[in-house]
Amino acid sequence: MRFRHPDGSTVHLAYCTNVHPAETLDGVLAQLRDHCEPVRRRLGRDRLGIGLWLARDAAHALVTDPSALRGLRTELEQRGLEVVTLNGFPYEGFGAEEVKYRVYQPDWADPERLAHTTDLARVLAQLLPDDVTEGSISTLPLAWRTAYDQERATAAHTALTTLAERLDALHELTGRSLRIGLEPEPGCTVETTRDALAPLTAIGHDRIGICVDTCHLATSFEDPHTALNALTQARVPIVKSQLSAALHAEHPHLPEVRAALAAFDEPRFLHQTRTLTAAGLRGTDDLGEALAGDALPDASPWRAHFHVPLHAAPAAPLTSTLPVLRAALTRLVGGQHPLTHHLEVETYTWQALPPELRPRARAQLCDGIAAELTLARDLLTDLGLKELP
């Protein structure tokens, strides 16, 4: 979906396909047929943006087989789909029964991360629509915190510098300008937008910036305006933003609130949980850990890294951080000029919701994704953007 900003530039809105498990190119093609095109039809649009997630094997198949890449581009065009952004965070196995800490491997100190992201950039350069010259890729925020020392930090810095040079070369070769955005996430070396300032300014290349995920922003209790102002003042490029909402519990000390939260404690994904105290931010690596005894202070609200559907906040006594998303979006695209032109709805946790809230059939999932995109569209038009055909 495309929107015209009052300044005349185009803002792209997509939904991320990491909600649909696929490790191979055949799986990706099935996603387009079974999910992406039906979502487009539900929205009544001739064109729908998707943020492709390409696992290692799928990306490698595309970059080593030009005919396969041409075939994917043709399939996208025939189904009324377009790609200007990729989700390069998960490397493989994102549809596994248990993902948890595995999603952070390999990190930016490992050669495999550089190789995979280079593959993604080469693929995206060929998938961009003919009238689009700029693409974006979101990626791991360097590493999970526990195994990250100075030696690995140096290796990560070198890898990202090498990637920037490769993106420069790709631009010279193809005329397509691609940028990479580190995506701050709770528990990682770069947990907050503030944490991103030092490494990104040290790299100092305009092809390496940040991806602002509004669920992660909210989980870490960052104020959207303060965070985004700091990024712009530091001249850190906001490569893209993922529109998502976290799980919010206003009164976590109450037994009924803890019982409601426990329904979201599931085995597939990590749900880092945070609370803001007078002494600063406190947290646990997972929701179950927070609920066990007194691992996390409960005198103040809790937020958990659980991407809840944008259009359907959990039932009381829980809610979502949709107000944080609204505030962030106002700052991102509601001003005189957009801070980013790439927006991506990223609710990948539909099948991790409590059983009674999960889609029971493919059609229900498509309905839910379409409803999220409709909400995002309405937020954009309320900010003065005009939806394009």
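Structure report, in brief. (Residues numbered from 1 in each chain as written. Predicted model: local features only at pLDDT ≥ 70, side-chain atom pairs only at ≥ 80, totals over all residues. Heavy atoms only, no water.)

**What to know about the environment of Ala143**
Next, step 1: Following the sequence through the fold, Ala143 ends up in the loop between strand S5 (134-139) and helix H5 (150-174).
Next, step 2: Looking at Ala143, the relative accessible area reads 1%, which means it is buried.
Next, step 3: Counting along the chain gives 44 residues from Ala143 to Gly187, while the straight-line C-alpha distance between them is 9.1 Å.
Next, step 4: With residues near it in sequence (within four places) discarded, Ala143 still touches Asp107, Tyr148, Cys188 and Thr189. (Helix = DSSP H or I, 4+ residues; strand = E, 2+ residues; numbered from the N terminus. Buried < 20%, exposed > 50% of the residue type's maximum accessible area, 1.4 Å probe, protein only. Contact = heavy atoms within 4.5 Å.)

**Section: the sheet that holds strand S11 (residues 280-284)**
Next, step 1: Strand order in the open sheet formed by five strands is S11-S10-S12-S9-S13, and the pairing between neighbours is antiparallel. Every interior strand has two partners, whereas the edge strands, S11 and strand S13 (318-320), have only one. Here the average twist between neighbouring strands, direction ignored, is 30°.
Next, step 2: In this sheet, S11 lies alongside strand S10 (residues 273-277) in antiparallel orientation, the contact comprising five bridges. Residue Leu276 lies in a different strand from S11, and its bridge partner there is Leu281. (Pairing = 2+ DSSP bridges. Axes fitted to C-alpha atoms, helices over the stretch in contact; angles between N-to-C directions.)

**Quick look at helix H3 (residues 66-78)**
The periodicity of an α-helix, 3.6 residues per turn, causes residues three or four places apart in sequence to face the same way.
Next, step 1: For H3, built from 13 residues, the straight-helix expectation of 18 Å at 1.5 Å per residue is met to within 8% by its first-to-last C-alpha distance of 18 Å.
Next, step 2: Within H3, burial applies to Ala68, Leu69, Leu72, Arg73 and Leu76. In a view along the axis of H3, the buried residues occupy a sector of 140°, so they form one face of it. Residues of H3 that are exposed and point more than 90 degrees away from the buried face comprise Pro66, Arg70 and Gln78.
Next, step 3: On its buried face, H3 is in contact with helix H1 (25-43), strand S3 (48-52), helix H2 (56-64), strand S4 (81-87) and helix H4 (111-127).
Next, step 4: Once H3 finishes, Gly80 follows within two positions and takes phi at roughly 70°, a positive value. (Expected span 1.5 Å × (residues − 1). Arc of directions from axis to C-beta.)

Geometric descriptors of this kind do not, in isolation, establish any biological role.
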